[in-house]
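Residues per chain are reported as follows:
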Amino acid sequence: MNGARILFECLKKEGVDTIFGYPGGQALPMFDELYKMSDEIKIVLVRHEQGAAHMADGYARSTGRVGVCLATSGPGATNLVTGIATAYMDSIPMIAITGQVPTSLIGNDAFQEADITGITRPVTKHNYIVKDIKDLAQTVKNAFHIATTGRPGPVLIDMPKDVQVNETDFKYPDVPNLRGYKPNYEGHKLQLKKAAELIEKSERPILYAGGGVILSDSSKEIVELAEKLNVPVTTTLMALGCIAPDHPLNLGMLGMHGTRYANYAVQESDLIIAAGARFDDRVTGNVAEFAPHAKIIHIDIDPSSISKIVKVDVPIVGCTKTVLKALTSMVKKQEHKEWIGQVNEWKRDYPLTYIDSDTELKPQYIMEKLSELTKGEAIIATEVGQHQMWAAQFCRISKPRNWLTSGGLGTMGYGFPASIGAQAAYPDKLVICIAGDGSIQMNIQELATAVKYNYPVKVMIMNNGYLGMVRQWQELFWGKRYASSNIEASVDFVKIADAYGARGMLIEKKADVEKAMKEAFAYNGPVLMDFRVAREENVWPMVPTGASLSKMIEGGLA
Amino acid sequence: MQKKTIAVTVENQPGVLARVSGLFAGRGFNIESLAVGETEDETMSRMTIVASGDELVLEQIIKQLNKLIDVIKVVDLHDEPFIARELALVKVNTEGRSKEEIMNVVNIYRAKVLDVAPDAFVVEVTGTDEKIKSFIGIMGEYGIKEMSRTGTIAMTRTKKTQETNRKEK
Ligand SMILES: Cc1ncc(C[n+]2csc(CCOP(=O)(O)OP(=O)(O)O)c2C)c(N)n1
Ligand SMILES: [Mg+2]
């Protein structure tokens, strides 16, 4: 069997049924093999390799399974890099396969040669170049094991052309051979005991849930612990969906554009139970002033996430699911009447809100309408910018894995292909991409992919004619000098949709929003909705960079 | 700033050194020295890394090294008594100087003259980082034409190692 075939036989054993890819010279043997295997593995032909990587990512985030993308050597491989880095920053299990020049030419600056393992070393969990076909099956086994266990992440496999065409016998190994890799899942008993003791003593505890909760499917466990202790839960951008939006203990998102009540609760708490979160600078604000009264219990599968930013009191290395379960069984039921009373007061006094308008279309209104119509059940992918924050604040994400957003890298151009990846996994679900007029133009070519395979994603562009998030910072911190952030009327999106064979819609009035959405959601095919929104709307509240979480600012609302 | 000597056992494979040095460069960790070589097992190599930073950074360095898939074992040598040695080759100027005086210093440091030319000696010196620094300091007064250092290699002391092994069982 040739190397290309062996590779895909391995993938089949790992349960892969879809690959997002783009061909080229040094990948031809692999594509040829996929052609022959078309009833076993579906290849989704994209229009730019970055799209393929984000689609694999969206597929992985929405399903919990590994996403796979495939590109040729050189430029094909380098085009994957942003997508791989995006997955790496958010710990998404992904396998990226690249063609490579034949082993005999490596190092010669051969045509379309790029040292892709060198280039992706800092943005993959691990990577391989297969130089001998005899190592291929074991390498794939190892790659899947690494991508999916411990703290998940992308793994790249570089496939020189000769390895793709050479022949050997195929046998898929049962186990990985990785003596240097043993993730720890069970929390240390003593640490668990210490944590339980801290919890018993605490009067104002708060649960701080991060992306790890989604990745390890521990949403149920978070809610169970929260309910047993009767403590509020705040989630990061990455953990939206782990607790129902209307759950009385849910404080929504914390950090830079979090809710006031979540940030106040963190600042006033005497104990933070962090689960699968990593104290990102967009979450902590000024680290020195972060939660000054709180002891910290930090549960994470990755020891290096613990005490990286903030020194913690009780580190627990382990899978959030296992550890949360254990903790819940160890603690007594509690009430925290006074604390919950205080938190509810903040909720009442400082609600998350905006000033609606009858003359201008407000993006927040659109998000609310969307949630109302979909009952929070749709899968929502976002691009990056103000629209992403409004989506995080005002869309009701009622289920884990229904929220796909690039948190760590903040990649404009992520959302649209990610939504296609999710739609490929769930052909019958409503998949929505909330985009900005800037971001959508970063991978708009994937409209062709959506049309070709009839992935009926609904792209809702919050068209403010600005790189809005940049403009907001310029308004607040750079003397309103809108340097290179005005992109007004750069393109006619309806015509773009039309040109690609998708449906385009222009929505300018509040009164038309609901009708347009209903029409779009009912349409069997991809739709590009151009919402002309208030141009200079800002995301509030906000913690300016370097400020403490207790010092949120709010323009035009206060 | 503290210094830490770390022994890292890694897969003996191409690219591993790049992963380790890339980690230090990418995360802005300070590396004082790094020495790599074979071990008793040919499938493994051993790196001795001397790194500096505050307590949190040094803790991160160890954790990040552990995270690398090709890293098999990371030992913070400061957990136990350990021996550290380094070798340096120093080409020292002898022109217009008393060779005898220089030889005296060489002997005091138990160093060795490997090569003699009319205007210079090449001296080999081994020892701890402090010893080598102090030797170089003195040679500097004569004038160092060229120098090459191996970086520290290190190992825990035997008896203590056995003791702790027993304790763990
Ligand atoms: C690839 C990439 N380039 C640049 C940025 C920096 N950036 C962050 S938000 C933003 C503006 C996004 O504009 P748009 O998509 O229109 O969204 P809006 O903020 O207007 O809602 C920019 C340029 C980024 N995050 N990603
Ligand atoms: Mg915009």
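Here is what the cut-offs are and how they apply
- Residues numbered from 1 in each chain as written.
- Chains lettered and ligands numbered in written order.
- Predicted model: local features only at pLDDT ≥ 70, side-chain atom pairs only at ≥ 80, totals over all residues.
- Heavy atoms only, no water.
- Contact = heavy atoms within 4.5 Å.
- Buried area = accessible area lost by both parts, 1.4 Å probe.
- Salt bridge = Lys/Arg side-chain N within 4 Å of Asp/Glu carboxyl O.
- Helix = DSSP H or I, 4+ residues; strand = E, 2+ residues; numbered from the N terminus.
- Core = buried A, V, L, I, M, F, W, Y, C linked by side-chain atoms within 4.5 Å.
- Buried < 20%, exposed > 50% of the residue type's maximum accessible area, 1.4 Å probe, protein only.
- Domains from an automatic or database assignment.
- Donors = N, O, S within 2.8 Å, 3.2 Å for Na, K, Ca; no water.
- Pairing = 2+ DSSP bridges.
- pLDDT = per-residue confidence, 0-100.
- Phe/Tyr/Trp six-rings, centres within 6.5 Å; stacked < 30°, edge-to-face > 60°.
- Lys NZ or Arg CZ within 6 Å of the ring centre and 35° of its normal.
- Polar contact = N/O pair within 3.5 Å; in protein donor to acceptor, adjacent residues only side chain to side chain.
- Expected span 1.5 Å × (residues − 1).
- Arc of directions from axis to C-beta.
- Axes fitted to C-alpha atoms, helices over the stretch in contact; angles between N-to-C directions.
- Parallel < 35°, antiparallel > 145°, perpendicular 65-115°, else oblique.
- Left-handed = near helix turned anticlockwise from the far one by under 90°.
- Nonpolar A, V, L, I, M, F, W, Y, C, P; charged D, E, K, R; others polar.

This paragraph deals with the interface of chain B and chain A. Interface extent is often summarised as the accessible area lost during association of the parts. Taken together, the contact between chain B and chain A spans 20 residues of the former and 18 residues of the latter. For the pair chain B and chain A, the summed buried area comes to about 1600 Å², and 49% of that belongs to carbon and sulfur atoms. At the surface where chain B touches chain A, the tally comes to two salt bridges. Secondary-structure elements contributing two or more residues to the side of chain B that touches chain A are helix H1 (16-26), helix H2 (55-67) and strand S4 (71-76) of chain B. Sorting elements by how many residues they give to the side of chain B that touches chain A places H2 of chain B first, with seven residues.

Bringing the nonpolar core into the picture now. Residue and element names in this part refer to chain A. Counting 48 residues, the largest nonpolar core has Phe20, Cys69, Phe416, Ile440 and Val459 as its most contacted members. Per-domain counts for this core show at least three residues from each of domain 1 (3-165) and domain 3 (363-532). The contacts of Ile440, once residues within four sequence positions are left out, are Glu383, Phe416, Ala435, Val459, Ile461 and Phe493. Counting 37 residues, the second largest nonpolar core, distinct from the first, contains Ile6, Cys10, Leu136 and Tyr172.

What follows deals with the coordination of the magnesium ion (ligand 2). All names here are of chain A. Here the magnesium ion (ligand 2) is held by the protein donor atoms Asp437 (OD), Asn464 (OD1) and Tyr466 (O), which lie 2.0 to 2.1 Å from it. All donors of the magnesium ion (ligand 2) belong to a single chain; written as a sequence motif, their spacing is D-x26-N-x1-Y. Of this pair, Asp437 sits in the loop between strand S15 (431-436) and helix H18 (447-452) while Asn464 sits in the loop between strand S16 (458-463) and helix H19 (468-477), placing them 27 residues apart in sequence. Pair check on accessibility: Asp437 and Asn464 agree, each one buried.

Before going further, it helps to examine the environment of Tyr22 of chain A. All names here are of chain A. Within the secondary structure, Tyr22 is located in the loop between strand S1 (18-21) and helix H2 (28-36). Placed 113 residues apart in sequence, Tyr22 and Asp135 show a C-alpha to C-alpha distance of 25 Å. Apart from residues lying up to four places away in sequence, Tyr22 is in contact with Phe31, Leu45, Val46, Arg47, His48, Glu49, Leu70, Ala71 and Thr72.

Residues and elements named next belong to chain A. Reading across the sheet, the six strands line up as S14-S13-S15-S16-S18-S17 and stay open at both edges, with parallel pairing between neighbours. Since the sheet does not close on itself, it has two edges, and those belong to strand S14 (403-404) and strand S17 (503-507), each with one partner. As paired strands, S15 and S16 are joined by five bridges and run parallel to one another. Residue Ala435 lies in a different strand from S16, and its bridge partner there is Ile461.

We now examine the confidence of the model for chain B. All names here are of chain B. On average, residues of chain B carry a pLDDT of 93, and 93% of them reach 70 or more. When the elements of chain B are averaged for pLDDT, helix H5 (residues 158-168) gives the smallest value, 54, and strand S7 (residues 120-127) the largest, 98. Below a pLDDT of 50 lies the segment residues 165-169, which in the model reaches zero contacts outside its immediate sequence neighbourhood of four places, other chains included. At the level of chain-chain contacts, confidence expressed as ipTM amounts to 0.92, with global pTM at 0.96.

What follows concerns the packing of aromatic side chains. Residues and elements named next belong to chain A. This structure, assessed with the given rule, holds 13 aromatic pairs over all chains. Taking 6.1 Å as the distance between ring centres and 85° as the angle between the ring planes, the aromatic pair formed by Trp339 and Trp346 counts as edge-to-face. For Trp346, a relative accessible area of 12% corresponds to the buried category. Ring-pair connections join several aromatic residues into one group, and the members of that group are Tyr264, Trp339, Trp346 and Tyr350. The lysine or arginine in question, Lys429, covers the ring of Tyr426, its NZ or CZ lying 4.2 Å from the ring centre.

On to the domain arrangement of chain B. Residues and elements named next belong to chain B. Per the domain assignment, the segments of chain B are domain 1 (2-79) and domain 2 (83-154). When each unit is reduced to the centre of its C-alpha atoms, the spacing between domain 1 and domain 2 is 28 Å. Across the contact, nine residues belong to domain 1 and seven residues belong to domain 2. Here domain 1 and domain 2 share an interface that buries about 480 Å² over both sides, 51% of which is from carbon and sulfur atoms. By the criterion of area lost to domain 2, the three top residues of domain 1 are Ser33, Ala35 and Thr48, representing 53% of everything that side buries. Our count for the domain 1 to domain 2 interface comes out at one salt bridge. Where domain 1 touches domain 2, the interface holds two residue pairs in polar contact (both at pLDDT 80 or more). Residue assignment for the side of domain 1 that touches domain 2 shows that the elements contributing at least two residues are strand S1 (2-11), strand S2 (30-38) and strand S3 (44-53).

Another aspect to go through is helix H14 (residues 337-349) of chain A. Residues and elements named next belong to chain A. For H14, with 13 residues, the first-to-last C-alpha span of 18 Å sits near the 18 Å given by 1.5 Å per residue. Taken together, the buried positions of H14 are occupied by Trp339, Ile340, Val343 and Trp346. The buried residues of H14 occupy an angular sector of 115° when projected down its axis, which confines them to one face. Facing away from the buried side of H14, by more than 90 degrees, are the exposed residues Lys337, Glu338 and Arg348. Looking at the buried positions of H14, the neighbouring elements they touch are strand S7 (205-209), strand S9 (250-253) and helix H11 (260-268).

How two helices pack is summed up by the angle between their axes together with the distance between the axes. All names here are of chain A. The N-to-C vectors of helix H15 (residues 363-374) and helix H16 (residues 386-394) enclose an angle of 45°; their axes lie 9 Å apart at closest approach. By the angle class used here, H15 and H16 are oblique. Considering how the two elements wind past one another, H15 and H16 form a crossing that is right-handed. Here Pro363, Gln364, Met367, Glu368 and Ser371 of H15 lie close against H16, whose contacting residues are His387, Trp390, Ala391 and Phe394. Residue composition of the contact of H15 with H16, grouped by class: five nonpolar, three polar and one charged.

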